[in-house]
Amino acid sequence: MPNFVIAADHAGVQLKAELVAELGKLGHTVTDFGPTGAEGSVDYPDYAVKVTSAVVGKQAPLGILVCGTGMGMSITANKVHGIRAALCHTEFEARMSRMHNDANVLCLGQRVTGVGLAISILHAFLDAKFEGGRHQTRVDKITAVEAKR
Ligand code: RB5
């Protein structure tokens, strides 16, 4: 099973490549759902669905999505039941999204966040662990909200 699944749109391809390389250096296996860049302009929801389907289907525990701002990816990903996508601009947000929200998808914006910071955010997301306890109660309530929709 890959540790990670990743995808982008045309506005996130370069940062995606940097993140795939970093994950490889760390010894993780990554499934890259594309695009390669050769496709030209693509639609971020099509790629968000690839990663979120793999996470919900338990083909990977965590996913990463990159677009220009990270917003389109995070909005789309959070429509999928079972996905808790966190659009992160800081290491703190990435750490807290795992510790308190049990985030299972990290979203980044290539046009917003530089490569160095994005890699630090990735590290923070990987290293942090969900704390459970009262946070599990709250995550269960998110799941209950989903179940009513
Ligand atoms: C593409 O131009 C851009 O709209 C997309 O990458 C993303 O930023 C949308 O949220």
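Just so it is clear, the model here is predicted, and its values are computed rather than measured.

Thresholds applied
- Counting starts from 1 at the beginning of each chain's written sequence and moves along it residue by residue.
- Only residues with pLDDT of at least 70 are given local features in this predicted model, and only at 80 or more are side-chain atom pairs given and counted; all residues enter the totals for whole chains, interfaces and linings.
- Side-chain figures throughout are based on the complete set of non-hydrogen atoms in the structure, without hydrogens or water.
- By definition, any uninterrupted DSSP run of H or I lasting at least four residues is a helix, any uninterrupted run of E lasting at least two residues is a strand, and each is numbered from the N terminus.
- Here the term buried applies to any residue with accessible area under 20% of the maximum for its type, exposed to any over 50%, and partly exposed to those in between, with areas from a 1.4 Å probe on protein chains only.
- In this scheme, strands are said to pair when DSSP sees at least two bridges between them.

J.: What am I meant to see in unusual backbone geometry here?
T.: With the exception of glycine, the majority of residues adopt a negative phi angle, and the majority of peptide bonds are in the trans configuration. In this chain, Gly34 is followed by Pro35 through a cis amide linkage whose omega measures 0°. If you trace the backbone, Pro35 turns up in the loop between strand E2 (30-32) and helix H2 (44-56). Of note, Lys58 is a non-glycine position whose phi angle comes to about 60°, a positive value. Checked against the element boundaries, Lys58 lands in the loop between H2 and strand E3 (62-67). Here Lys58 falls in the exposed class, since its relative accessible area comes to 66%. Backbone geometry places Asp102, a non-glycine residue, at a positive phi of 50°. Mapped onto the elements, Asp102 comes out in the loop between helix H4 (91-99) and strand E5 (105-109). With a relative accessible area of 19%, Asp102 lands in the buried category.

J.: What's the story with the pairing of E3 in this structure? I'm lost.
T.: The side chains of a regular strand alternate, residue by residue, between the two faces of the sheet. Across the six residues of E3, six count as buried, placing the element largely inside the fold. Along E3, one buried face is formed by Leu62, Ile64 and Val66 and the opposite face, lined by Gly63, Leu65 and Cys67, is buried too. In this sheet, E3 lies alongside strand E1 (residues 4-8) in parallel orientation, the contact comprising five bridges. Bridge pairing links Ile6 to Ile64 in E3. Bridge count for E3 against E5 is five bridges, and the pairing is parallel. Residue pairing in the sheet places Cys67 in a bridge with Gly109 of E5.

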